[in-house]
Amino acid sequence: MKSKIETLKSQLLKALKAAKSDSEVRDLEVRYLGRSGKFNEIMRSLKDLSDEAKRTVGKLANMTKTELEVIVQKKYAELEMAAFDVIADKEWMDVTVPGTKPGVGHRHLISKFIEDLEVVFGRMGFAVAEGPDIETEHYNFDQLNMPADHPSRDMQDTFWVKNLKKMVLRTQTSPVQIRHMEAHEPPIRVISLGKTFRKDSDATHSPMFHQCEGLMVGEDISIANLKAVMTNALQQIFEDPAIKTRFRTSYFPFVEPGLEVDCTCPICHGEGKTADGVPCRLCKQCGWLEIAGAGMVHPKVLENVGYDSKKYTGFAFGMGLDRMVMIKHRVNHLRLLFENDLRFITQF
Ligand SMILES: [Zn+2]
């Protein structure tokens with residue numbers, strides 16, 4: 001009986017040594033040490049032996065079984081460690097390698113430019129006024145002294161809102177000026193910036209575009225104030241204190257007199273060609289850029305909002321914001337500003 005126990009022990013040890021997986025070990029454990037395993041078979045056969053033999057053989061069988069149970073547990077641990085080694089070999093990583101940083105975006109050129117303008121005009125005491133993108137015909141045209149037969153009201157130029165009578169997508173930011181004047185008494189200094197809409201689309205026009213308008217109303221406001229504000233603003237916007245402005249007479253229904261504002265070309269500084277003699281393409285060699293429409297607010301517009309046009313005067317100006325971004329950042333096609341092509345956007 002003793003030798004049978006020794007044989008079982010050496011059989012199991014040999015098999016354990018050869019076992020390569022958990023399931024093989026589990027199999028051996030059940031076969032030898034399990035409830036109906038070989039060791040329990042020996043225990044059950046002890047009943048035929050003498051009392052003396054029962055004790056010694058039973059003791060030996062128990063000790064051996066306990067000893068083997070410990071060895072089986074060790075084998076499990078060994079296999080687990082080996083498995084970890086394989087994983088560590090396969091899936092190792094160098095924790096000192098720098099990680100991949102997530103891309104960080106930045107504000108769009110136009111949003112950034114709008115904020116810059118708010119700062120530039122803010123320094124000169126201008127507050128920001130806001131108004132709706134969908135306007136009434138009353139604010140978009142009537143109050144701005146635009147006659148009922150003015151060509152800009154035409155279906156060709158203006159987006160009229162379907163099923164909403166006399167409502168338009170605002171064609172300019174000027175209605176904000178009217179709304180602001182109706183709600184405030186002079187003196188007034190505001191700019192309004194935002195989206196405007198017209199049926200227009202080519203390299204320099206888009207059906208949606210951005211405008212910046214300014215309005216200053218008070219006592220004794222003159223063209224001299226307009227000139228000072230525009231010149232100062234353009235010098236700051238193009239970051240060039242040498243920028244000069246000039247004013248040419250023009251016509252807009254809401255101002256009298258109406259003026260076109262030009263500034264010296266920020267690339268060739270009014271020379272028409274660059275320092276090394278290359279003809280300037282931006283200003284088409286004339287040295288000046290048309291930059292804004294402006295003028296003294298028409299007395300009729302002041303009266304429309306209930307101001308005393310004998311007491312108060314004011315100036316207003318409007319600039320195409322996208323065009324200024326294009327000039328400042330040398331962008332040659334308007335559509336690039338709205339396409340959201342990362343190859344373009346990430347350059348700035
Ligand atoms: Zn130029």
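Residues numbered from 1 in each chain as written. Predicted model: local features only at pLDDT ≥ 70, side-chain atom pairs only at ≥ 80, totals over all residues.

With that settled, the discussion passes to the overall build of the chain. When you go through the chain residue by residue, the secondary structure sums to twelve helices and nine strands. Taking 2.2 N^0.38 as the reference for a compact globule, 348 residues should give roughly 20 Å; the C-alpha atoms of the chain span a radius of gyration of 44 Å, well beyond that estimate. Projected onto its principal axes, the C-alpha positions of the chain cover 135 × 55 × 35 Å. Nonlocal contacts in the chain, meaning residues at least 24 apart in sequence, comprise 63% of its contacts between residues at least 6 apart. (Helix = DSSP H or I, 4+ residues; strand = E, 2+ residues; numbered from the N terminus. Rg over C-alpha atoms; globule rule 2.2 N^0.38 Å. Contact = placed C-beta atoms within 7 Å.)

Axis separation between helix 1 (residues 2-18) and helix 4 (residues 51-90) bottoms out at 10 Å; the angle between their running directions is 5°. As the angle between them shows, helix 1 and helix 4 are arranged roughly parallel. When helix 1 is examined against helix 4, the residues Lys2, Ile5, Lys9, Leu12 and Leu16 are found in contact with a partner set consisting of Val57, Leu60, Ala61, Thr64, Leu68, Ile71, Val72 and Lys75. Across the contact of helix 1 with helix 4, the residue classes break down as nine nonpolar, one polar and three charged. (Axes fitted to C-alpha atoms, helices over the stretch in contact; angles between N-to-C directions. Parallel < 35°, antiparallel > 145°, perpendicular 65-115°, else oblique. Nonpolar A, V, L, I, M, F, W, Y, C, P; charged D, E, K, R; others polar.)

What follows deals with the domain arrangement of the chain. Along its sequence, the chain is carved into domain 1 (2-90) and domain 2 (109-345). On a C-alpha basis, the centroid separation for the pair domain 1 and domain 2 is 93 Å. (Domains from an automatic or database assignment.)

Let us look at the sheet that holds strand 6 (residues 245-250). With mixed pairing, the seven strands of this open sheet are ordered in space as 1-4-5-9-8-7-6. What marks the edges here is a single partner per strand, and that holds for strand 1 (127-128) and strand 6. Helix-sheet contacts for helix 5 (residues 109-123) involve strand 1, strand 4 (188-197) and strand 5 (208-218), and the interaxial angle to strand 4 is about 165°. (Pairing = 2+ DSSP bridges.)

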